[in-house]
Amino acid sequence: MDTELIDGRELSKVYATATGPLIALDDVSFTIEEGQFISLVGPSGCGKSTLLSILGGLEDRSEGDLVIAGKRLEAPRADIGMMFQTSVLFPWRTVRENVLLPGVVLKLDRKAQSERCDELLDMVGLNGFGDRYPKELSGGMRQRVALARLLAHDPRVLLMDEPFGALDEFTRETMNLELLSIWEKTGKTVIFVTHNIGEAVFLSDRIFVMTPRPGRLEGIVEVDIPRPRKADVMRTPRYSELVFDIRGMLGVDH
């Protein structure tokens, strides 16, 4: 993981409101290497989701420059996929049809996509559920479908906006382990938004800690816990130390 993939320089985002300009992001700069797992943490309203939308080409930046794989980002790219807190599945489509949707939109080879769909459903633990509809699935299972759909067209970068935030704690931990396993197998670059500091430490190579609005980068924490990681990592002194270091940076160390 020594190849720079994403370079953001002095990124800012200002919204026009009835009461005047609202600065969501202010002078944020960073680099991300190919294959890294990055988490963004910070209080509500600090610009985490805004930054993720800018990285996905879904929102324009007000100032600054953003280069991904050597090209200036000006619009959404097919090699960048995005996953949200809710699964955003089409209720009238089966699990398979939902997973296959990116391939349909991008006009990819149907046979290859069908085979990939089978592999992905197996990877996320949904083998045998391809003909079910979203209403027949639990919240955790729907997020598994959304994760398979995210991977369906094999994007290079995965942008994940609190994808497990609405799940119960047990299901969330299970999904984190699944995500780590998939990341280790695929080598994708992941940028993951979360409010959960422990989750960020468990998953990440580096954690971008953001300030309250206007969102700035307070600091970058290197997570030096060895991989592969299992749940027992959360019992180690180093895990606890990193969690409390980040709490201190966010002013919640009391």
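Residues numbered from 1 in each chain as written. Predicted model: local features only at pLDDT ≥ 70, side-chain atom pairs only at ≥ 80, totals over all residues. Heavy atoms only, no water.

(A) Local environment of the pattern of salt bridges. All told, the structure shown has 17 salt bridges when counted by the stated rule. The closest approach of N and O atoms between Asp-7 and Arg-9, which form a salt bridge, is 2.9 Å. On the accessibility criterion, Arg-9 (42% relative accessible area) is partly exposed. Among the salt bridges present, the one from Lys-111 reaches Glu-115, with a minimum N-O distance of 2.7 Å. With Lys-111 and Glu-115 both in helix H3 (residues 110-123) and four residues apart, this pair spans about one turn of that helix. Each of Asp-65, Arg-72 and Glu-74 takes part in a single network of salt bridges with overlapping partners. (Salt bridge = Lys/Arg side-chain N within 4 Å of Asp/Glu carboxyl O. Buried < 20%, exposed > 50% of the residue type's maximum accessible area, 1.4 Å probe, protein only. Helix = DSSP H or I, 4+ residues; strand = E, 2+ residues; numbered from the N terminus.)

(B) Highlighting unusual backbone geometry. For the bond from Arg-213 to Pro-214, the omega torsion is 0°, close enough to zero to count as cis. Mapping Pro-214 onto the fold places it in the loop between strand S9 (206-210) and strand S10 (217-222). Here the residue pair Arg-227 and Pro-228 is connected by a cis peptide bond, since its omega of 0° sits within 30 degrees of zero. In this model, Ala-69 sits at a positive phi of 55°, which is unusual for a non-glycine residue. The topology assignment puts Ala-69 in the loop between strand S4 (63-68) and strand S5 (71-72). Taking relative accessible area as the criterion, Ala-69 reaches 31% and is therefore assigned partly exposed. For Val-88, which is not glycine, the phi torsion reads 50° and is therefore positive. Structurally, Val-88 is set in the loop between strand S6 (80-83) and helix H2 (95-105). The class of Val-88 is partly exposed, set by a relative accessible area of 48%.

(C) Layout of the pairing of S10. For S9 and S10, the ladder comprises five bridges, and the chain directions are antiparallel. The partner of Phe-208 across the bridge, within S10, is Ile-220. Turn length for the S9-S10 hairpin, with the two strands adjacent in sequence and antiparallel, is six residues. (Pairing = 2+ DSSP bridges.)

(D) The arrangement of the nonpolar core in detail. Of all hydrophobic cores here, the largest spans 47 residues; its most connected members are Val-99, Leu-147, Met-160, Phe-192, Val-201, Ile-207 and Ile-246. Examining the composition of this core, we find that seven residues originate from one element, helix H4 (residues 139-151), more than from any other. Leu-11, Ile-32, Ile-68 and Phe-208 belong to the second largest nonpolar core, which has 25 residues in total. (Core = buried A, V, L, I, M, F, W, Y, C linked by side-chain atoms within 4.5 Å.)

(E) Layout of a nonpolar patch on the surface. Together, Leu-58, Phe-84 and Val-88 line one region of the surface with nonpolar side chains, adding up to about 270 Å² of accessible area. Note on placement: Phe-84 falls in the loop between S6 and H2. Here Phe-84 falls in the partly exposed class, since its relative accessible area comes to 36%. (Patch = residues over 30% accessible without salt bridge, like charges linked within 9 Å, V, L, I, M, F, W, Y side chains within 5 Å. Areas by Shrake-Rupley, 256 points an atom, 1.4 Å probe, with all protein chains shown as cover.)

(F) Geometry of the packing of H4 against helix H5 (residues 169-186). In the contact formed by H4 and H5, the axes pass within 11 Å of each other and the chain directions differ by 20°. Classified by the angle their axes make, H4 and H5 are roughly parallel. Both H4 and H5 take part in a crossing whose hand is right-handed. Across from Gly-140, Gln-143, Arg-144, Leu-147 and Leu-151 in H4, the residues of H5 making contact are Thr-171, Thr-174, Met-175, Glu-178, Leu-179 and Ile-182. Among the residues forming the contact of H4 with H5, the class breakdown is five nonpolar, four polar and two charged. (Axes fitted to C-alpha atoms, helices over the stretch in contact; angles between N-to-C directions. Parallel < 35°, antiparallel > 145°, perpendicular 65-115°, else oblique. Left-handed = near helix turned anticlockwise from the far one by under 90°. Contact = heavy atoms within 4.5 Å. Nonpolar A, V, L, I, M, F, W, Y, C, P; charged D, E, K, R; others polar.)

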